[in-house]
Amino acid sequence: DAKTTQPNSMESNEEEPVHLPCNHSTISGTDYIHWYRQLPSQGPEYVIHGLTSNVNNRMASLAIAEDRKSSTLILHRATLRDAAVYYCILRDSTDKLIFGTGTRLQVFP
Amino acid sequence: DGGITQSPKYLFRKEGQNVTLSCEQNLNHDAMYWYRQDPGQGLRLIYYSQIVNDFQKGDIAEGYSVSREKKESFPLTVTSAQKNPTAFYLCASSITASSYEQYFGPGTRLTVT
């Protein structure tokens, strides 16, 4: 299974943009890049996904490197409610989600 | 409200006992999943079901069993054969197995002593 590598933790101030990096150097051509986030003591929630092109939705933007070996989740203006563990996940050809340990984002007022 | 229900939120059992965790969804989703999460770790797939009366083992199925007799229900039994059953258990569903988004329930925290 292709793996992802993320920093253990990141910090941000409220109202500032946050760039959460993810490395996936062994990604295959058909693997989709998914991002989920998990608030404390809750189940994860879907954030965004993409294959090759950059993607935007109401929650975030996803920037995918041209060689697809890395990607960045962008929160345009962090709020206190964005404090969570963010998982960068590769969805393989069997449609299973392979979770890593994620990045714990702290947001300060 | 549509969603996924897991009950109970907290569950305590003695070692050697089987325990069944409930997962119900009213989203009319075909696919359902069970994950396990240990402290500070990501989620690991235990079992998944693409359709009623069908299920497949995930990465860590040993010591667990499931059934999928109804579309809306996917109970997980943690048997006494599971060596380290204490964990946070999460159920999820998706429209189909190839859908891009999985919807997760609130989880059940199981403690076995």
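Everything below is about the structure shown above.
Focus on the packing of aromatic side chains
Any two aromatic rings considered together are summarised by their centre-to-centre distance and by the angle between their planes.
Working step 1: Applying the stated criterion across every chain yields a total of twelve aromatic pairs over all chains.
Working step 2: Residues A:Tyr46 and B:Tyr100 carry aromatic rings whose centres are separated by 5.3 Å and whose planes lie at 50° to one another, so their mutual orientation is tilted. One end of the pair, A:Tyr46, is in strand β4 (residues 45-50); the other, B:Tyr100, is in the loop between β9 (87-94) and β10 (103-104), on a second chain.
Working step 3: On the basis of an interplanar angle of 40° and a centroid distance of 5.5 Å, the ring pair of B:Tyr35 and B:Phe104 is categorised as tilted. Pair noted here: B:Tyr35 is in strand β4 (residues 31-37) and B:Phe104 is in strand β10, with a separation of 69 residues, a long-range link.
Working step 4: Look at B:Tyr35 and you get buried, because its relative accessible area is 1%.
Working step 5: Grouped by ring-pair contacts, the aromatic residues A:Tyr36, A:Tyr46, A:Tyr87, A:Phe99, B:Tyr33, B:Tyr35, B:Tyr48, B:Tyr100 and B:Phe104 constitute a single cluster.
Working step 6: Seen from the ring of B:Phe74, B:Arg68 lies directly overhead, with NZ or CZ sitting 6.0 Å from the centre.
Working step 7: Over the ring of B:Phe88 we find B:Arg109, and its NZ or CZ is 4.5 Å from the ring centre.

Some words on the state of the cysteines
Working step 1: Evaluation of the coordinates by the stated rule reveals two disulfides over all chains.
Working step 2: One disulfide in the model links A:Cys22 with A:Cys88; its S-S distance is 2.1 Å. With the S-S bond torsion at -80°, the cross-link from A:Cys22 to A:Cys88 turns out left-handed. Here the residue A:Cys22 occupies a position in strand β2 (residues 18-23), and A:Cys88 occupies one in strand β8 (residues 84-91), the gap between them amounting to 66 residues. The two residues A:Cys22 and A:Cys88 agree in class, both being buried.
Working step 3: Through a disulfide, B:Cys23 is tied to B:Cys91; the S-S separation comes to 1.8 Å. Looking along the S-S bond of the B:Cys23-B:Cys91 disulfide, the torsion reads about -70°, which is the left-handed sense. Placement of the pair is B:Cys23 in strand β3 (residues 19-25) and B:Cys91 in strand β9, with a sequence separation of 68 residues. Of the two residues, B:Cys23 and B:Cys91, both sit in the buried class.

Description of the pattern of salt bridges
Working step 1: In this structure the tally under the stated criterion is eight salt bridges over all chains.
Working step 2: Close ionic contact of B:Asp30 with B:Lys71 constitutes a salt bridge, the shortest N to O distance being 3.4 Å. Taken as a pair, B:Asp30 in the loop between β3 and β4 and B:Lys71 in the loop between β7 (64-66) and β8 (76-78) lie far apart in primary sequence, 41 residues in all.
Working step 3: Note that B:Asp38 and B:Arg36 form a salt bridge whose closest N and O atoms lie 3.0 Å from each other. Comparing B:Asp38 with B:Arg36, the two get one shared label, buried.
Working step 4: The network of salt bridges with common partners includes A:Arg37, A:Glu45 and A:Asp82.

Some points on the environment of A:Ser70
All names here are of chain A.
Working step 1: With respect to the helices, strands and loops of the structure, Ser 70 is situated in strand β7 (residues 70-75).
Working step 2: Residue Ser 70 is classed as partly exposed on the basis of its relative accessible area, which comes to 24%.
Working step 3: Put simply, Ser 70 and Thr 101 are 31 residues apart on the chain and 16 Å apart in space, counted from C-alpha to C-alpha.

What counts, and at which threshold
Residues numbered from 1 in each chain as written. Chains lettered and ligands numbered in written order. Predicted model: local features only at pLDDT ≥ 70, side-chain atom pairs only at ≥ 80, totals over all residues. Heavy atoms only, no water. Phe/Tyr/Trp six-rings, centres within 6.5 Å; stacked < 30°, edge-to-face > 60°. Helix = DSSP H or I, 4+ residues; strand = E, 2+ residues; numbered from the N terminus. Buried < 20%, exposed > 50% of the residue type's maximum accessible area, 1.4 Å probe, protein only. Lys NZ or Arg CZ within 6 Å of the ring centre and 35° of its normal. Disulfide = S-S within 2.5 Å. Salt bridge = Lys/Arg side-chain N within 4 Å of Asp/Glu carboxyl O.

Just geometry here; none of it tells us what the structure is for.
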